Amino acid sequence: MAFEVGESSRSSAREEEAAEGEASSGAAARQHQPPWVALSSIPVVYRPRNPAAAAFVPGVDLLLELQPPPRGSYLALPERLVPDPRRWEPGYNFPYIIAAAPGRLLFMASQMTTQRRSVNDPDYFLCDVAARTALRLPAVPHEFPFRLFPRRTMGLAAGPRFPGQDQYMLAQLHPAEGAAQMRHDALLCFSTATGQWSVKYLASAPNHEPWGAHGVFALGGFLWWVDIAYGMLFCDPFEENPRLRLVTLPDGCQMQGLGNGRPRDTRLMDQRRLVRPSQGMLRYVEIQGLSYDPAAVNEPPNNPAVAMWTLVEPEGADPWRHEFETSFTDIWAHPTYINAGLPQGMVPKLALIDPTNHEVVYFFQDALLFAWDARAGEVVRSAECFVDRDYRDPFFQYSRFVDAWYSELAPTVRGDGPASSDGGSGSGSGSDEELASLLSQMEIRSQPDREHSLSDLLVMIEEDMAPPAEPSPEAKMGDQAEEP
């Protein structure tokens, strides 16, 4: 099937803006700040002693602290939703944004302090950012054969069958019993239309390699479950019995043998590989020339380069189109890289893709987030951006903990691809000053008090593994970056 992106009511509005903005040149559009933000997956929590907590008056469950990229943006939450102080013992317990859609955010927060529940049994909240409210999702009924588990297998999709209405579907993909993660058979779903959980058994599902969890994205009327080692599984979660399909990564990009007792270095994968929507199409980016062998991970890179592919025909014989490949030697030597004060000879970590211009890839180089424009062949943006704003822990400076998100507060700019159902490219007008004004309307700058040092925080690879008594330096190497 050809990959055509379904239009939402918001997309129609963006098309109207596109008609109004076509007079502006592409060069001028590049100078405008984009209509999206680099949203940290780690919310900021304001405790009562912090003056900023006074903003959480009755009826206000959340605030957005937004800045144009490459500066970071954050979801701010009150203690009544996130009661647990952040600490290592008895496990990773910081709140975490699991999924996002235009105008909606889904986050989890542990409830040990108030409900004496395990870190692995958190509450889930669906945020309406316009209303500033957070709906605590009801518990999954005890008679259901499945339970929610806090890994990156939850997706959030806007309802394509209800134009003009805000209806959303949360869906978590569950493996078939006894299939060793090599086949899935059901979705555990929550619908905002009914306010209830349901189980949807798949009409069909492919066999595949043992599946990992590297995020879920909504695009083109489908949810896409990513295993960055192999490919993507996708289906329409609004169907009564969805048909799950598989598309593998481009030729030569699949990592073989991970199901034969070979540990997954999930953290390294997320630093060097990512799948993200941009301009209404899914893009795969890979940093090449680096080893995943734990014994050789610190060896010098072999002609490192960054390459991108676009998914054009998910069920076709040749699903991917190669877009570009750029040597890091050329990036390091460019005057814009040097003038940005970025270090020489250090391969950066992947962060995100500009959702309005797929040729612009963002990287983390320590505390700096910078954007490389592959077409222009230059660094176009660079700024300090700490994903973990409270503790500034460098551990979180990679793609798993930051994503591009349409806040719906900013004007849109024109892209070269079709508009996406989750807020893809469009066109509009507006200056940098206008955008900054819109974003600053919801900004508060107070820094919350720090309660614990997390410089040695270790995030386990699987949520059912018991955390160690204390994080060790050795533990940070290897397969420990799975979902909180």
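It should be emphasised that the depicted structure is a prediction, and the values quoted were computed from it without experimental measurement.

J.: Would you explain the overall build of the chain in this entry?
T.: Along its length, the chain carries seven helices and 25 strands. A total of 484 residues make up the chain; the buried ones form 58% of that total. Taking as baseline every contact in the chain between residues at least 6 positions apart, the subset at least 24 positions apart corresponds to 60%. Per element, the accessible surface of the chain, about 19,500 Å² overall, is 50% carbon and sulfur.

J.: Sorry if this is basic, but what is going on with the environment of Gln271 here?
T.: Counting through the fold element by element, Gln271 comes out in helix α4 (residues 266-272). Residue class for Gln271 comes out buried when judged on its relative accessible area of 8%. Distance in space between the C-alpha atoms of Gln271 and Phe364 is 9.1 Å, their sequence separation being 93 residues. Look past the residues within four positions of Gln271 in its chain and what remains in contact with it is Ile287, Lys349, Leu350 and Tyr398.

J.: Even after reading the chapter, I still don't get the nonpolar core, so can you show me in this structure?
T.: Looking at soluble globular proteins, one finds that nonpolar side chains tend to be buried together. Among the nonpolar cores identified, the biggest contains 42 residues, and Leu187, Trp224, Trp225, Met232, Tyr284 and Trp320 are the most heavily contacted of them. Every element with two or more residues in this core is listed here: β10 (168-175), β11 (184-191), β13 (216-219), β14 (222-227), β15 (231-235), α4, β18 (281-288) and β19 (305-311). Ignoring sequence-local partners within four residues, the contact set of Trp225 consists of Thr153, Ala171, Leu173, Leu187, Trp211, Gly215, Val216, Gly231, Met232, Leu233, Phe234 and Cys235. Ranked by size, the runner-up nonpolar core spans 40 residues in total, among them Ala38, Leu148, Met154 and Ala351.

J.: Sorry if this is basic, but what is going on with the sheet that holds strand β24 (residues 378-384) here?
T.: Hydrogen bonding along the main chain pairs the strands of a sheet, whether they run parallel or antiparallel. Ordered in space as β21-β22-β23-β24, the four strands form an open sheet in which the pairing is antiparallel. Across the chains shown, the open sheet's two edge strands, defined by having one partner strand only, are β21 (349-353) and β24. Adjacent strand axes in the sheet meet at a mean angle of 25° when their direction is disregarded. Two strands pair when backbone bridges link them, and β21 and strand β22 (residues 360-365) are joined in this way by four bridges, in the antiparallel orientation. When the bridges of β22 are listed, Ile353 appears paired with Val361.

J.: It is not clear to me how the pairing of strand β7 (residues 123-128) should be interpreted in this structure. Could you clarify?
T.: Looking down a regular strand, the side chains alternate between one sheet face and the other. Counted residue by residue, β7 has five buried out of six residues, so it is predominantly covered. Of the strand pairs in this sheet, strand β6 (residues 104-109) and β7 are connected by six bridges, and their pairing is antiparallel. The partner of Arg104 across the bridge, within β7, is Asp128. Across four bridges, the pairing between β7 and strand β8 (residues 133-136) is antiparallel. When the sheet's bridge partners are listed, Leu126 is paired in β8 with Leu135. Between β7 and the antiparallel strand that follows it, β8, lie four residues; Arg132 among them carries a positive phi value of about 60°.

J.: Can you walk me through the environment of His184 in this structure?
T.: Counting through the fold element by element, His184 comes out in strand β11. In sequence terms His184 and Tyr201 are 17 residues apart; their C-alpha atoms lie 9.4 Å from each other. Once residues within four sequence positions are removed from consideration, His184 is found in contact with Leu173, His174, Pro175, Ala176, Leu202, Ala205, His208, Trp211, Leu233 and Leu244. Of the polar contacts made by the side chain of His184, one reaches the side chain of His208; its length is 3.1 Å.

J.: I keep staring at the sheet that holds strand β5 (residues 96-101) and nothing clicks. Help me out?
T.: Spatially, β5-β6-β7-β8 is the arrangement adopted by the four strands of the open sheet, whose pairing is antiparallel. Strand pairing shows two members of the sheet lacking a second neighbour, β5 and β8, which therefore form its edges. The mean angle between the axes of side-by-side strands here comes to 25°, regardless of whether they run parallel or antiparallel.

J.: Quick question: what am I supposed to make of the packing of aromatic side chains here?
T.: Geometry of an aromatic ring pair is reported as the spacing of the ring centres plus the angle between the planes. Taken as a whole, this structure holds 19 aromatic pairs when the rule is applied. Seen in terms of ring centroids, Phe190 and Trp197 are 5.2 Å apart; in terms of plane orientation they differ by 55°. Their pairing is tilted. Taken as a pair, Phe190 and Trp197 share a single burial class, namely buried. A network of ring pairs unites the aromatic residues Phe94, Tyr96, Phe395, Phe396, Tyr398 and Phe401 as a single cluster. Note that Arg272 overlies the ring of Tyr292, its terminal NZ or CZ placed 5.0 Å from the centroid. In this structure, Arg389 is placed above the aromatic ring of Tyr74, and the distance from its NZ or CZ to the ring centre is 5.3 Å.

J.: Where do I start with the pattern of salt bridges in this structure?
T.: Opposite charge on two side chains lets them pair, provided their charged atoms get close. Considering all chains together, one arrives at 16 salt bridges under this definition. Where Arg321 meets Glu323, a salt bridge forms, and the shortest distance between an N and an O atom there is 2.7 Å. Classification of Arg321 as partly exposed rests on a relative accessible area of 38%. Overall, Glu323 belongs to the partly exposed group, its relative accessible area being 25%.

J.: So what exactly am I meant to see when it comes to unusual backbone geometry here?
T.: The bulk of non-glycine residues show a negative phi, and the bulk of peptide bonds are trans. Of note, the bond from Pro69 into Pro70 is cis; its omega dihedral lies within 30 degrees of zero at 15°. With respect to the helices and strands, Pro70 occurs in the loop between β3 (63-65) and β4 (72-78). Positive phi outside glycine occurs at Arg132, with the angle close to 60°. Within the element layout of this structure, Arg132 appears in the loop between β7 and β8. Backbone geometry at Gln181 places phi at a positive 65°, although glycine is not the residue there. Structurally, the position occupied by Gln181 is in the loop between β10 and β11.

J.: What is the right way to read the state of the cysteines from this model?
T.: Taken as a whole and assessed by the stated rule, the structure comprises zero disulfides. The closest cysteine sulfur to the non-disulfide-bonded Cys189 is located on Cys235, 8.0 Å from its own sulfur. Classification of Cys189 as buried rests on a relative accessible area of 0%.

What counts, and where the lines are drawn
Residues numbered from 1 in each chain as written. Predicted model: local features only at pLDDT ≥ 70, side-chain atom pairs only at ≥ 80, totals over all residues. Heavy atoms only, no water. Helix = DSSP H or I, 4+ residues; strand = E, 2+ residues; numbered from the N terminus. Buried < 20%, exposed > 50% of the residue type's maximum accessible area, 1.4 Å probe, protein only. Contact = heavy atoms within 4.5 Å. Areas by Shrake-Rupley, 256 points an atom, 1.4 Å probe, with all protein chains shown as cover. Core = buried A, V, L, I, M, F, W, Y, C linked by side-chain atoms within 4.5 Å. Pairing = 2+ DSSP bridges. Axes fitted to C-alpha atoms, helices over the stretch in contact; angles between N-to-C directions. Polar contact = N/O pair within 3.5 Å; in protein donor to acceptor, adjacent residues only side chain to side chain. Phe/Tyr/Trp six-rings, centres within 6.5 Å; stacked < 30°, edge-to-face > 60°. Lys NZ or Arg CZ within 6 Å of the ring centre and 35° of its normal. Salt bridge = Lys/Arg side-chain N within 4 Å of Asp/Glu carboxyl O. Disulfide = S-S within 2.5 Å.

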